[in-house]
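Listed below, chain by chain, are the residues.
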Amino acid sequence: MRVFKFGGASVKDANGVKNVINVLRETGFSDLLIIVSAMGKTTNALEKVVESYLRNNTEYKNLIKNLQQYHILILEGLFDNKQHPTFSKINNLFKDIETTLFRNKSTQYDFIYDQIVSYGELIATTIVSEYLSDQGYKNEWLDARDLIKTDIVYRDAQVDWKNTQQNIIEKVNKNTLSVTQGFIGSDQNNFTTTLGREGSDYTAGIFAYCLGADSVSIWKDVPGVLNADPRVFEDTKLLSHVSYEEAIELAFFGASVIHPKTIQPLQRKQIPLYVKSFLNPSSEGTSVKKGQPLDPYMPCYIVKKNQILLSLSSLDFSFIVEDNISEIFSLFHDYHIKVDLIQNSAISFSVCLDDKFDHFDELLQKLKSKFKVTYNKNVSLFTVRHFTSDAIASLEKHKDILLKQITRETYQMVVKG
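Residues numbered from 1 in each chain as written. Predicted model: local features only at pLDDT ≥ 70, side-chain atom pairs only at ≥ 80, totals over all residues. Heavy atoms only, no water.

Q: How would you sum up the overall build of the protein chain? Please name residues and give values.
A: When helices and strands are tallied, the protein chain shows 13 helices and 16 strands. Relative to its length of 417 residues, the protein chain is compact, with a C-alpha radius of gyration of 23 Å against a globular reference of 22 Å. With the principal axes as the frame, the protein chain shows a C-alpha extent of 70 × 50 × 40 Å. Within the protein chain, the proportion of its 417 residues that are buried is 53%. On the protein chain, roughly 19600 Å² of surface is accessible, and the fraction owed to carbon and sulfur atoms is 47%. In the protein chain, 47 positive and 50 negative side-chain charges are present, and the distance between their average locations comes to 2 Å. (Helix = DSSP H or I, 4+ residues; strand = E, 2+ residues; numbered from the N terminus. Rg over C-alpha atoms; globule rule 2.2 N^0.38 Å. Buried < 20%, exposed > 50% of the residue type's maximum accessible area, 1.4 Å probe, protein only. Areas by Shrake-Rupley, 256 points an atom, 1.4 Å probe, with all protein chains shown as cover. Lys, Arg positive; Asp, Glu negative; His and termini not counted. Charge placed at Lys NZ, Arg CZ, Asp CG, Glu CD.)

Written out as structure tokens, the structure is:
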């Protein structure tokens, strides 16, 4: 049993969907579970629908129509007959979006987000599954919400592994071709939940773990895992081999190629992960396995933008000790704020934060009642794994550095902008 994951860039248009079949022709169709993300920038578009809806702005209806037309154009590039039943199925899914918003009584952003944004994956997998069938490749469409069960933390749900594994073992046929969604699950009341932005990779890890898969392949628009993001850094190089431990470190620090949670379930059963190019499926790509050294061994650069540098000190100049730090981290947990870097002295405590749910301003009021607070918004966190003096010197050039930290294998700095 193999698990493949195709991201939004790989199915952004009709040619992309057709290329999925090209990849499968080269790699084989049998004993395969395919996980598909929302097409192109659909998730971003659905986020705008939710924001418009919550502002009581009827513009969201036009946004839905525009998104519907985008998918209809993809269908027209796949099916010669506009009476093909897939057109009706996709139109019905868009009607479901409007009906869900019309009937909604909740004012909670995170809950509404999960109910609406999840349609991107449902629509994408319906199109891919129907096109495979149209081309003569029999497959089974599975609703991931019937399989992956979670808690009720919307937009960042935690997996109920016991029930999820039971569902997947019972409902997934290992001997056929199956298509399902990344990113989504459901809670105990069957309301849709999501696993965090870019969570489709994690979905692949979940299915692979529960099925005891032979491997997971993530198909990207890059040749594999690079030593830096080519959109930010020049002269990037392909990493041919990466260990599980190194992959977890890179993902934790913000490497965008692999979702941070993906590696853990694979590592437990030592299931190899391959990151490959859907543009060149015969290329080797990157393998992630147990114990293999980083090859080639070189500095790996990561940047996370739109971070917050927060510094706290006691109001009475007393030490910042374990009790204070425990309380601070409890607040970070309560407000779903991720800590990417920590530095402390006797009377101060600095952290670089990722406020992906926009809760920082609420947290700030709590902190100001107990600490002296200073902060910088919209900073960038640079990380270099396996740094060299030349790598650091090049990275620091012409930057306004607010904080930096060096450990045995990792260099980090926070800079303005």
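Q: Talk me through the sheet that holds strand 9 (residues 273-277); I want residue IDs and the actual numbers.
A: Reading across the sheet, the 8 strands line up as 3-4-2-1-7-9-10-8 and stay open at both edges, with mixed pairing between neighbours. Each edge of the sheet is formed by a strand with only one pairing partner; in this case those strands are strand 3 (140-141) and strand 8 (241-243). Both strand 3 and strand 4 (residues 177-181) contribute to a ladder of 2 bridges, which runs parallel. Paired with Trp 141 across the bridge in strand 4 is Val 179. Sheet strands in contact with helix 6 (residues 119-134) are strand 2 (32-36), strand 3 and strand 4, and its direction is about 160° off that of strand 4. (Pairing = 2+ DSSP bridges. Contact = heavy atoms within 4.5 Å. Axes fitted to C-alpha atoms, helices over the stretch in contact; angles between N-to-C directions.)

Q: An account of the nonpolar core is needed here, citing residue identities and associated values.
A: In this structure, Ile 97, Leu 101 and Leu 132 are the most contacted members of the largest nonpolar core, which totals 53 residues. Beyond its immediate chain neighbours, meaning those up to four positions away, Ile 97 contacts Leu 46, Ile 64, Ile 116, Tyr 119 and Ile 123. Counting residues in each nonpolar core, the second largest holds 42 residues, with Leu 147, Tyr 202, Phe 207 and Met 298 among its members. (Core = buried A, V, L, I, M, F, W, Y, C linked by side-chain atoms within 4.5 Å.)

Q: Could you give an account of the pairing of strand 11 (residues 300-314), naming the residues involved and the relevant values?
A: The buried count for strand 11 comes to 11 of 15 residues, which makes it a mostly enclosed element. Taken together, the 12 bridges between strand 11 and strand 14 (residues 371-385) define a ladder with antiparallel strand orientation. Bridged to Val 303 within strand 14 is Phe 382. As paired strands, strand 11 and strand 13 (residues 348-354) are joined by 6 bridges and run antiparallel to one another.

Q: I'd like a description of the packing of helix 1 (residues 14-27) against helix 6, backed by residues and values.
A: Closest axis-to-axis distance for the helix 1/helix 6 pair is 10 Å, and the angle between their directions is 60°. If you check the angle between helix 1 and helix 6, you find them oblique. Our pair here, helix 1 against helix 6, has a crossing hand that is right-handed. Together, Val 17, Lys 18, Ile 21 and Leu 24 of helix 1 and Val 128, Tyr 131 and Leu 132 of helix 6 make up the contact between the two elements. For the contact of helix 1 with helix 6, the residue count by class is 6 nonpolar, no polar and 1 charged. (Parallel < 35°, antiparallel > 145°, perpendicular 65-115°, else oblique. Left-handed = near helix turned anticlockwise from the far one by under 90°. Nonpolar A, V, L, I, M, F, W, Y, C, P; charged D, E, K, R; others polar.)

Q: Can you break down the sheet that holds strand 14 residue by residue, with the values?
A: Within the open sheet, the 6 strands sit side by side as 12-13-11-14-16-15. Their pairing is antiparallel. One side of each edge strand has no neighbouring strand; the edge strands of this open sheet are strand 12 (338-344) and strand 15 (401-406). Across the sheet, the axes of successive neighbouring strands diverge by a mean angle of 30°, strand direction being ignored. Examined bridge by bridge, strand 15 and strand 16 (residues 410-416) share 5 bridges and lie antiparallel to one another. Note that in strand 16 the partner of Gln 405 across the bridge is Gln 412. Helix 11 (residues 322-334) rests against strand 11, strand 12, strand 13 and strand 14 of the sheet, and its axis sits at about 15° to strand 13. Here helix 13 (residues 389-396) sits on the sheet in contact with strand 11, strand 14, strand 15 and strand 16, set at roughly 5° to strand 16.

Q: Explain the environment of Phe 29 residue by residue, including any values.
A: Along the chain, Phe 29 falls in the loop between helix 1 and strand 2. Judged by relative accessible area, which is 17%, Phe 29 ranks as buried. Once the C-alpha coordinates of Phe 29 and Arg 2 are considered, the two residues, 27 residues apart in sequence, prove to be 9.8 Å apart. In contact with Phe 29, other than residues within four places in its own chain, are Arg 2, Ile 21, Leu 24, Leu 132, Tyr 137 and Leu 177.

Q: How would you sum up the pattern of salt bridges? Please name residues and give values.
A: On inspection of all chains with the given rule, the structure shows 16 salt bridges. Where Asp 340 meets Lys 338, a salt bridge forms, and the shortest distance between an N and an O atom there is 2.5 Å. Asp 361 is paired through a salt bridge with Lys 377; the nearest N and O atoms lie 3.0 Å apart. Of the two residues, Asp 361 sits in helix 12 (residues 360-368) while Lys 377 sits in strand 14, which places them 16 residues apart along the sequence. Taking relative accessible area as the criterion, Asp 361 reaches 45% and is therefore assigned partly exposed. A relative accessible area of 39% places Lys 377 in the partly exposed class. In the salt-bridge network here, residues are joined through shared partners; they are Lys 304, Lys 338, Asp 340 and Asp 354. (Salt bridge = Lys/Arg side-chain N within 4 Å of Asp/Glu carboxyl O.)

Q: Account for the packing of helix 5 (residues 109-117) against helix 6, with residues named and values stated.
A: How two helices pack is summed up by the angle between their axes together with the distance between the axes. One way to put it is that helix 5 packs onto helix 6 with a least axis distance of 5 Å and a crossing angle of 10°. Classified by the interaxial angle, the pair formed by helix 5 and helix 6 is roughly parallel. Between helix 5, through Gln 115, Ile 116 and Val 117, and helix 6, the contact on the second element is made entirely by Tyr 119, Gly 120 and Glu 121. Residues of the contact of helix 5 with helix 6, tallied by class, amount to 3 nonpolar, 2 polar and 1 charged.

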